[in-house]
Amino acid sequence: MTVLKTSVRNFFAHKGRMALSGMAVVLSVAFVCGTLVFTATMNTTFDKLFADTASNVMVAPAAEDGEGGMFDDEGSATGVPDSLPASVADEIADVEGVDRVTGVVVSTSAVAVDEDNENIGPTTGAPTIVSTWSDIELRSMEITEGGPPEGSGDIMIDADTAENRDLGIGDRVRLVTVGGDQDFTVSGIAAFTVTNPGASLLYIDLDTARALLLGGQDAYTSLYVDSTGAVTDEQLKAAVGDAVGADAYKLQTADEFVEENRDSIGEVLSILEWVLLGFAGIALLVGIFLIVNTFSMLVAQRTREIGLLRALGSSRRQINRSVLTEALLLGVVGSVVGFGVGVGVAVGLMALMSAIGVELSTDDLTIDPSVPVIGVVLGVVVTLLAAYVPARRAARISPMAALRDAGMPGDVRANRIRAAIGAVLSLAGLASLAAAAAQDEAAAGGGLLGLGVLLSLLGLILVGPALVGLVVRFIAAVLLRVFGPVGRLAERNALRNPRRTGATASALMIGLALVVGLSVVGTSMVASATDEIDRSLGADYIVQPAVMSPVTEDIQRAVEGVDGIERLTPYRDIEVDVTAPDGTETDSRIGAVPDTWNDDVALDVLEGSMADALGPDSISVDSDFATEENLALGDTLDVAFQDGDTATLTIRAIVSPDSALVGAWYVSLATAEQYVPAEALALPVFLFVTAEDGQEDAVAAGLDAALDPYPQMEVMDRAEFKEMLQSQIGGLLNMVYGLLALAIIVAILGVVNTLALSVVERTREIGLMRAIGLSRRQLRRMIRLESVAIALFGALLGLGLGMAWGVTGQQLMALEGMDVLEIPWPTIVIVFLGSALVGLLAALFPAIRASRMNILNAIATD
């Protein structure tokens with residue numbers, strides 16, 4: 001009990017020293033708990049949306065297995081959503097137990113444009129949803145201004161879109177659809193009573209919707225069947241199935257509808273959740289080094305105190321338990337605070353989602369009872385594991401340590417064993433990375449890459465202290481020694497305890513290695529893509545939608561009317577089911593293109609020719625598929641076109657997928673038109689435009705003018721196309737860097753904590769140096785230089801490790817066609833210089849504290 005009281009007293013006596021270690025626990029637990037609360041809240045919010053909008057039975061067009069969801073639009077390739085005949089509603093209305101059948105028409109393929117010719121839809125990737133207004137909408141919306149559409153010229157918009165685009169009653173809105181363009185006047189504004197899923201919602205009357213969205217069909221895209229309450233939903237579903245055919249349409253009860261949409265949203269949220277938890281895990285791993293360092297230094301500083309306890313009769317087990325008790329207190333306090341901060345993180349993420357259009361209310365904040373348990377258990381377990389080695393080291397302190405000055409002699413044998421194990425793991429990791437880079441298949445190389453990353457990381461962490469002498473002396477020779485005696489003192493301080501310096505630097509190394517590795521991969525992806533564009537793209541311009549909509553016939557006609565065009569090549573993306581000669585079935589997407597495709601895109605054809613592949617009843621396939629199915633030129637495939645017939649096509653070209661700009665599977669447009677009805681044929685995804693010689697500028701101006709009424713369309717030359725790819729990959733990398741910033745912040749806290757505890761440990765030494773003439777300014781500079789040396793040591797290890805990971809990753813990507821290796825030297829230089837800045841900033845507080853010490857009190861410190 002006395003030892004327990006001592007450990008509790010020590011914890012609160014050194015709470016300032018524990019604070020930074022506690023911050024590592026707080027941040028990591030907060031990120032984990034915040035992620036869990038945020039995703040649970042998202043699920044709850046969307047569950048309410050789906051439950052509020054669902055009727056007892058939902059009827060929709062038959063869907064392929066695995067497809068479906070509230071916002072799915074299977075007809076988006078044609079611009080016309082899948083539908084069911086309006087007569088089905090009449091048949092269902094006569095079913096016993098049915099109170100009301102409400103038919104709706106919904107499409108996500110339309111584009112809404114304001115009077116300034118600006119697209120009023122979301123810019124975040126969410127769709128613009130055009131729908132008919134009915135009582136069903138009152139379950140999730142309420143009209144706040146004006147009224148619903150009453151005629152062909154009326155349109156009602158959601159309140160968020162109205163606010164964001166400064167629209168009001170009487171303003172003009174134009175819809176661009178596959179059925180043509182039409183101008184509308186805003187007749188009303190409706191606000192969400194549940195979450196806004198991030199989309200823009202526009203409501204028009206039924207007749208207009210059928211004309212513009214369904215090509216004039218007397219049909220609905222879905223039916224809402226409400227029960228009289230006399231039967232259960234399952235019974236009503238069965239009765240409806242008997243009336244219209246259970247297999248003819250997609251029938252769901254309200255619960256099934258909610259479950260399907262929950263799964264659809266859940267897939268996206270699950271990916272997001274695991275990504276965020278992955279970065280939280282990285283931060284937690286970095287935090288372990290901070291905690292290990294903290295307890296190692298605290299144990300070293302209390303060597304005499306622990307020796308006295310041993311001399312007074314405390315057993316090794318009691319000393320071990322005492323240190324672990326302090327760790328337990330740190331873990332509990334940090335985890336509890338982390339859970340509270342995590343709830344704040346979740347609210348912050350909800351605010352971020354609201355900023356991009358997905359309104360989430362704190363009224364729906366969902367905190368599962370398991371979340372605080374997970375947070376506390378995680379924080380406590382990680383803290384105890386991190387403190388285990390320092391606790392064992394403390395238990396080995398002998399009673400004779402009470403007669404010595406503070407500090408424990410290092411275990412030279414243990415350090416040598418650690419270095420040897422680290423060297424072996426590092427070499428094994430490098431060998432695994434080399435083996436991964438030498439693989440012929442990306443799948444096999446991916447496993448070796450993962451193993452190499454793990455082994456090299458663990459190896460460098462273990463061998464790090466043994467590298468301190470060599471690397472820090474190099475840094476000192478280049479940077480520190482120019483500061484004279486102060487620089488040499490900083491060098492000696494960094495070399496004094498290699499294990500401590502290595503652990504502190506390793507925390508920074510992990511974050512920087514990931515940043516550099518991903519930078520190499522991302523930069524190489526951009527370089528490979530741009531190189532591929534230069535090699536394979538022959539067209540001058542690419543015309544493609546910037547939002548979720550196809551290239552309509554009106555848009556294509558507008559482009560065709562531009563003077564100076566030599567060639568116009570539309571690319572259609574068609575979904576097919578392929579059956580190989582041995583009966584193997586494969587889902588695939590193929591390009592349906594005209595003969596001019598060969599002039600616009602140069603593919604790497606391994607066998608045969610694309611000219612033959614674009615002939616009648618012919619097809620090109622990728623070489624991976626051909627090898628896997630043992631196919632050769634002249635073999636045939638049964639190709640079932642979606643919404644069309646099944647064709648027997650002959651393989652006339654085998655194309656390498658590694659250099660294919662937009663795939664390797666192609667049929668001629670004529671072949672597609674032969675087997676797919678005109679109304680079911682997918683609209684072009686984009687257009688390739690080639691200008692006549694000397695007419696490039698005129699064509700560019702003509703395209704801009706012709707497409708001015710269609711602000712959703714983008715016209716890009718090859719340079720702009722490259723910039724778009726670069727910005728997309730760059731945006732993804734920036735998001736990853738932002739998430740990795742958490743781990744780097746924890747690593748910075750580790751440097752601050754190490755220096756702060758080191759200052760306490762060297763209080764008497766600092767006092768003596770001040771007494772013999774070291775100025776406050778020189779003392780601050782010494783500590784700053786020591787911090788810079790530690791940070792640059794970690795940066796060099798991180799840069800080397802990240803380069804190895806990134807180069808290996810690029811070699812694996814080369815197997816998929818991304819064969820250009822490009823090292824992002826500007827990023828590497830910024831990371832290196834940033835590490836020096838991190839060292840300077842981390843040393844501010846410890847340096848100021850050291851310079852303010854009273855000289856006599858410092859010398860008198862025991």
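Keep in mind that what you see is a predicted model, and the values were worked out from it rather than measured.

### What to know about the overall build of the protein chain
Right, on to step 1. Of the regular secondary structure elements, the protein chain holds 26 helices and 24 strands.
Right, on to step 2. Counting all 862 residues of the protein chain, 52% fall into the buried class.
Right, on to step 3. Within the protein chain, residue pairs in contact and separated by at least 24 positions form 82% of the contacts whose partners lie at least 6 positions apart.
Right, on to step 4. Here the protein chain displays about 36900 Å² of accessible surface, and carbon together with sulfur accounts for 56% of that area.
Right, on to step 5. Distance between charge centroids for the protein chain: 35 Å, based on 52 positive and 107 negative side chains.

### Remarks on a nonpolar patch on the surface
Right, on to step 1. A cluster of nonpolar residues, F474, V478, L479, V482, F483 and L796, forms a patch on the protein surface that exposes about 540 Å² of accessible area.
Right, on to step 2. Here the nonpolar patch gets 3 residues from one element, more than from any other, and that element is helix α12 (residues 442-480).
Right, on to step 3. Note on L796: relative accessible area 31%, which makes it partly exposed.

### Looking at the pairing of strand β10 (residues 180-192)
Right, on to step 1. In the sheet, strand β7 (residues 141-146) pairs with β10 via 5 bridges, with the strands oriented antiparallel. Bridge assignment links I143 to a residue of β10, and that residue is A190.
Right, on to step 2. Where strand β9 (residues 172-177) meets β10, 6 bridges bridge the pair, whose relative direction is antiparallel. Across the sheet, residue L175 finds its bridge partner in β10, namely Q182.
Right, on to step 3. Joining the antiparallel neighbours β9 and β10 is a turn of 2 residues.

### So, the sheet that holds strand β14 (residues 249-253)
Right, on to step 1. Across the sheet, which stays open at both edges, the 4 strands sit in the order β3-β13-β1-β14 with antiparallel pairing between neighbours. Strands at the two margins of the open sheet, each flanked by one partner only, are β3 (98-104) and β14. Mean inter-strand twist for the sheet, computed between neighbouring axes without regard to direction, equals 20 degrees.
Right, on to step 2. Summarising the sheet, strand β1 (residues 57-61) and strand β13 (residues 222-227) pair through 3 bridges and their orientation is antiparallel. Paired with M58 across the strands is Y224, a residue of β13.
Right, on to step 3. The strands touched by helix α6 (residues 233-244) within the sheet are β1, β3, β13 and β14, with β14 carrying the most contacts at an inclination of about 165 degrees.

### Describing the pattern of salt bridges
Think of it this way: side chains of opposite charge can pair up when their charged atoms draw near.
Right, on to step 1. For the structure shown, the criterion picks out 21 salt bridges.
Right, on to step 2. E532 serves as the salt-bridge partner of R535, at 2.8 Å between the closest nitrogen and oxygen. With R535 and E532 both in helix α14 (residues 498-536), this residue pair falls 3 residues apart, about one helical turn.
Right, on to step 3. Judged by relative accessible area, which is 46%, R535 ranks as partly exposed.
Right, on to step 4. For the salt bridge of E575 with R589, the shortest nitrogen-to-oxygen distance reads 3.4 Å. Of this pair, E575 sits in strand β16 (residues 565-579) while R589 sits in strand β17 (residues 585-593), and the two are 14 residues apart along the sequence.
Right, on to step 5. Salt bridges sharing partners connect three or more residues here, namely R100, D135, R139 and D226.

### Observations regarding helix α7 (residues 254-301)
Quick reminder: α-helices carry 3.6 residues per turn. Residues three or four places apart thus point the same way.
Right, on to step 1. For α7, with 48 residues, the first-to-last C-alpha span of 65 Å sits near the 70 Å given by 1.5 Å per residue.
Right, on to step 2. In α7, a bend of some 30 degrees at G266 exceeds every other bend along the element.

### Topic: the side chain of S140
Right, on to step 1. Note that S140 resides in the loop between β6 (128-132) and β7.
Right, on to step 2. For S140, a relative accessible area of 6% translates into the label buried.
Right, on to step 3. The contacts of S140, once residues within four sequence positions are left out, are L49, T53, A191, F192, T193 and V194.

### Points about the nonpolar core
Right, on to step 1. One finds F295, M509, I510, I783 and F793 to be the most contacted residues of the largest nonpolar core, which totals 127 residues.
Right, on to step 2. Here the element with the most residues in this core is α7; it accounts for 19 residues.
Right, on to step 3. The next biggest cluster of nonpolar side chains, apart from the first, holds 39 residues, and it includes A86, V130, L214 and V244.

### Some points on the packing of aromatic side chains
Right, on to step 1. Scanning all chains against the criterion turns up 10 aromatic pairs.
Right, on to step 2. Three or more aromatic residues joined by ring pairs make a cluster, and in this case those are Y571, W597, Y666, F686 and F688.
Right, on to step 3. Sitting over the face of the ring of Y220, R210 holds its NZ or CZ atom 4.6 Å from the ring centroid.

How each quantity is defined
- Residues take numbers from 1 onward in each chain, read along the sequence in its written order.
- The predicted nature of this model means local features are confined to residues of pLDDT at least 70 and side-chain atom pairs, given and counted, to a pLDDT of 80 or more, with totals for whole chains, interfaces and linings taken over all residues.
- Side-chain measures here rest on the full set of heavy atoms in the structure, leaving out hydrogens and waters.
- Secondary structure elements follow DSSP: runs of H or I no shorter than four residues count as helices, runs of E no shorter than two count as strands, and numbering proceeds from the N terminus.
- The buried label applies to any residue whose accessible area, calculated with a 1.4 Å probe on protein chains only, is under 20% of its type's maximum; exposed applies above 50%, and partly exposed to all values in between.
- Contact between two residues is taken to exist if any of their heavy atoms lie within 4.5 Å; hydrogens are not considered.
- Computed with the Shrake-Rupley method and a 1.4 Å probe, the accessible areas treat only the protein chains shown as cover for residues.
- Just so you know, the count uses Lys and Arg for positive and Asp and Glu for negative, and it drops His and the chain ends.
- Lys charges are placed at NZ, Arg charges at CZ, Asp charges at CG and Glu charges at CD.
- Think of a patch as exposed residues, more than 30% relative accessible area, with no salt bridge, where like charges cluster within 9 Å and nonpolar side chains (Val, Leu, Ile, Met, Phe, Trp, Tyr) cluster within 5 Å.
- By definition, a salt bridge exists where a carboxyl oxygen of Asp or Glu is found within 4 Å of a side-chain nitrogen of Lys or Arg.
- Any two strands are treated as partners once DSSP identifies two or more bridges connecting them.
- Angles shown run from 0 to 180 degrees and are taken between the N-to-C directions of axes, each axis being a line fitted to C-alpha atoms and, for helices, limited to the stretch in contact.
- A helix is expected to span 1.5 Å for every residue after the first.
- In this analysis the local bend is the angle between axes fitted, respectively, to the seven residues ending at and the seven residues starting at the residue.
- Side-chain atoms within 4.5 Å are what join buried Ala, Val, Leu, Ile, Met, Phe, Trp, Tyr and Cys residues into a set we call a nonpolar core.
- For Phe, Tyr and Trp, rings pair up if their centres lie within 6.5 Å, where Trp contributes its six-membered ring, and each pair is then called stacked (planes under 30 degrees apart), edge-to-face (over 60) or tilted (otherwise).
- To sit over a ring, a charge needs its Lys NZ or Arg CZ within 6 Å of the ring centre and within 35 degrees of the ring normal.

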